[in-house]
Amino acid sequence: MAAQPAGSTIPRTADVVIVGAGAAGAVLAARLAAAGAGTVLLVEAGPDYRSADTPAAVRGTDVSRALAVRALRWPGLRARLTGDQPLRPYVCGRGAGGSSAINGQLAVRGPAADFRAWVDAGLPDWGWPEVLPAFAGLERDPDFGDRPGHGSSGPVTISRAAADRRGPLSAAFAAAAKAAGHPEHPDLNAAGSTGLSPTAWHRRDGTRVSSNDSHLEPARHEPRLHVAGDHTVSRVLFSAGRVRGVELITGSGRELVSAPAVVLCAGAVHSPAILMRSGVGPPEQLGALGIEVVAGLPGVGAVLSDHPAILLELRLTDAAAARARETESGCFLVRLRSGPQAGPADDIQLLPLDRTVGPAAAGLLVSLMRPVSVGSLRLGGADPAADPVLDLGLLTERADLDRLAAAVRHAADLLAGPALRGTIASAPALPDGDLGRWLRENCRPQYHPSGTCRMGPPDDPATVVDQEGRVLGVDGLWVADASVLPLPCGAPPYLTTVMLAERLAAAVRRRLGQGR
Ligand SMILES: Cc1cc2nc3c(=O)[nH]c(=O)nc-3n(C[C@H](O)[C@H](O)[C@H](O)COP(=O)(O)OP(=O)(O)OC[C@H]3O[C@@H](n4cnc5c(N)ncnc54)[C@H](O)[C@@H]3O)c2cc1C
């Protein structure tokens, strides 16, 4: 990673400050700079680097190598997953690209049913007909880009493994799913593609496309865009309820930047923490920490969602293991409904991992995509160095436990079928006793946090931002990242976050007077 490019000294005043250069922040910075929104300052706590200087470990398709780059993760962040597990490390990206630089690269749109639920939750501007053009506009999909509802010239390249590059577990699992009657859909991102599909990734020519590559790099030539890596925003400053700037922590102390508009894109873990440190949040919590209340919003941090998952660990046969080292992992995805027709659609995702991140050589990842259990986030202290306290509350609700249990049993049945013989050395054995307890003790998050600054109708006490991402109760402040998702995403959230950021960038631009 190269050091901050020459000439990018931090301006002391800006027309708009964007906090966080992750999946969403890179989009906001690129769009506002291109729209001529005056001086745009993008502040990122982690290292900034040009796309061409991306470390090889991050560029590649092996997620475990990206996760091993310590500089690109928030150190020390921990979370309670369930009441049956000790605190565990929680992964959040840090540096240009944010979590999109270290994530699993799955590029799956939030399904149409999600956005029908958003409308039902009082967000009429976020229905499927409204968001579909933004999903299509952001993608460059060489396989399906010419189909209706798709795009072929957007910034994010979407690709799939070629047939001869698919890992042995991926291929055998797909055969098992097909034999079990899961319908096949070549295009995972087509409406109604419940069933078996080749996995779509945000990759180009076998390499990761992070938001640093897709959005920030093409905007770096904009003369009024300044990117400040290795600078942490401690809080937003207000005067009589209006934004007047931000306070930054640098290697040499604290600095102030004056700005009339601030867009928080620090992700679902850090955006709510910045709000609370700035005096925007639950009044009792702020009062207990000695933080003066600027706007009392009980919804900040009140909900924290993630997708619980179980890895059914597998040992591949020697021949399959040798081939797995030469090919791609996770090349198919099965989406299904865990329960009766009345239950949530596509609430289960099965992903065969020919190589895993953890100690197991291979596995089948069984994820609950529409959990009803939620956790919460609290500020760890007024000191900006204190990590937020994360309680994910995974599988708290009986309904989630039952749905994940049914999915795990179905997954184990698939693995025990004839299609997997010759690929896995043995099928995983589920516990004889209490499956629910085993799930609570062994489930993992997928590092898909959302919901901590919920978008909603202004008269709902849980709402933090309105449909344009504007924080209630103050002027000049937006949140435009995964924190605002009003409901858990029915898919991995990266594409939905980019779509949301594209739409919220347009809304911010309109408010700042730069038109469409
Ligand atoms: C390990 C892992 C695997 C994942 N796999 C997938 C996947 O396969 N598919 C998928 O769809 N999603 C996946 N995700 C989730 C997806 O990457 C995120 O949902 C998405 O990146 C969220 O975007 P964001 O902009 O809200 O936050 P981020 O991308 O996390 O960006 C937030 C940025 O803000 C910066 N920041 C935070 N606080 C401050 C501060 N005080 N001052 C300045 N900067 C700050 C951070 O350093 C970071 O760069 C994964 C995530 C992780 C961590």
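Residues numbered from 1 in each chain as written. Predicted model: local features only at pLDDT ≥ 70, side-chain atom pairs only at ≥ 80, totals over all residues. Heavy atoms only, no water.

*Asks:* Is there a simple way to think about the UniProt feature "binding site: FAD" (unreviewed entry) in the chain in this case?
*Replies:* Per the UniProt entry, the sites bearing "binding site: FAD" (unreviewed entry) are Val233 in this numbering. Relative to the assigned elements, Val233 resides in strand 11 (residues 232–239). With relative accessibility at 4%, the residue Val233 sits in the buried group. When near neighbours in sequence (up to four residues on either side) are disregarded, Val233 contacts Val19, Val43, Val246, Glu247, Leu248, Ile274 and Arg277. (UniProt positions renumbered as here; feature names shortened; annotations may be inferred. Helix = DSSP H or I, 4+ residues; strand = E, 2+ residues; numbered from the N terminus. Buried < 20%, exposed > 50% of the residue type's maximum accessible area, 1.4 Å probe, protein only. Contact = heavy atoms within 4.5 Å.)

*Asks:* I would appreciate a short explanation of the packing of helix 11 (residues 398–415) against helix 12 (residues 435–442) in the present structure.
*Replies:* Each pair of packed helices can be described by the angle between their axes along with the distance between the axes. Between helix 11 and helix 12, the shortest axis-to-axis distance is 10 Å and the interhelical angle comes to 95 degrees. Comparing their axes, helix 12 and helix 11 come out roughly perpendicular. Taking contact as the criterion, the partners of Leu401, Leu404, Ala405, Val408 and Arg409 in helix 11 are, on helix 12, Leu435, Gly436, Leu439 and Arg440. For the contact of helix 11 with helix 12, the class distribution of residues is 6 nonpolar, 1 polar and 2 charged. (Axes fitted to C-alpha atoms, helices over the stretch in contact; angles between N-to-C directions. Parallel < 35°, antiparallel > 145°, perpendicular 65-115°, else oblique. Nonpolar A, V, L, I, M, F, W, Y, C, P; charged D, E, K, R; others polar.)

*Asks:* Just checking my understanding: could you explain the UniProt feature "domain: Glucose-methanol-choline oxidoreductase N-terminal" (unreviewed entry) in the chain for this structure?
*Replies:* Per the UniProt annotation, the sites labelled "domain: Glucose-methanol-choline oxidoreductase N-terminal" (unreviewed entry) are residues 267–281. Between the C-alpha atoms that bound residues 267–281 there is a distance of 16 Å. The span itself is 73% helix and 13% strand.

*Asks:* Honestly, the domain arrangement of the chain in this entry has me stumped. Any pointers?
*Replies:* As a measure of interface size, the accessible area lost when the parts come together is often cited. On domain assignment, one finds that the chain holds domain 1 (16–75 + 88–107 + 211–303 + 449–512) and domain 2 (162–198 + 309–370 + 395–442). For domain 1 versus domain 2, the separation of C-alpha centres amounts to 33 Å. Each partner contributes to the interface: domain 1 provides 13 residues, whereas domain 2 provides 12 residues. Note on domain 1 versus domain 2: buried area summed over both sides is about 800 Å², and carbon and sulfur give 55% of it. Summed over the three residues of domain 1 that lose the most area to domain 2, namely Thr61, Leu106 and Gly490, the buried surface amounts to 41% of that side. Viewed at the interface, domain 2 and domain 1 are joined by 1 residue pair in polar contact (both at pLDDT 80 or more). (Domains from an automatic or database assignment. Buried area = accessible area lost by both parts, 1.4 Å probe. Polar contact = N/O pair within 3.5 Å; in protein donor to acceptor, adjacent residues only side chain to side chain.)

*Asks:* Got a minute to help me understand helix 8 (residues 267–277) in this structure?
*Replies:* Every α-helix carries 3.6 residues per turn, so stepping three or four residues along brings you back to the same face. Burial analysis of helix 8 places 10 of its 11 residues in the buried class, which makes it a mostly covered element. Taken together, the buried positions of helix 8 are occupied by Ala268, Val269, His270, Ser271, Pro272, Ala273, Ile274, Leu275, Met276 and Arg277. In the stretch just after helix 8, Gly279 is the one whose phi turns positive, near 95 degrees.

*Asks:* Is there a simple way to explain the site of the ligand in this structure?
*Replies:* Taken together, 37 residues sit near the ligand, with Ala24, Glu44, Ser99, Gly104 and Tyr494 positioned nearest. A distance of 3.1 Å separates a nitrogen atom of the ligand from a polar backbone atom of Ala45. When the free accessible area of the ligand is taken as 1,000 Å², the share hidden by the protein chains comes to 95%. Elements supplying a minimum of two residues to the shell around the ligand: helix 1 (23–34), strand 11, helix 8 and helix 13 (494–512). Examining the composition of the shell around the ligand, we find that 3 residues originate from one element, helix 8, more than from any other. Across the shell around the ligand, the residue classes break down as 18 nonpolar, 16 polar and 3 charged. (Near = heavy atom within 4 Å. Areas by Shrake-Rupley, 256 points an atom, 1.4 Å probe, with all protein chains shown as cover.)

*Asks:* Sorry if this is basic, but what is going on with helix 12 here?
*Replies:* Buried within helix 12 are the following residues: Leu435, Gly436 and Leu439. Projection of helix 12 onto a plane perpendicular to its axis shows the buried side chains occupying an angular sector of 105 degrees, all on one side. Taken together, the buried residues of helix 12 touch strand 17 (309–316) and helix 11. Taking the backbone nitrogen of Gly436 as reference, a side-chain oxygen 3.0 Å away marks Asp434 as the first, capping residue of helix 12. (Arc of directions from axis to C-beta.)

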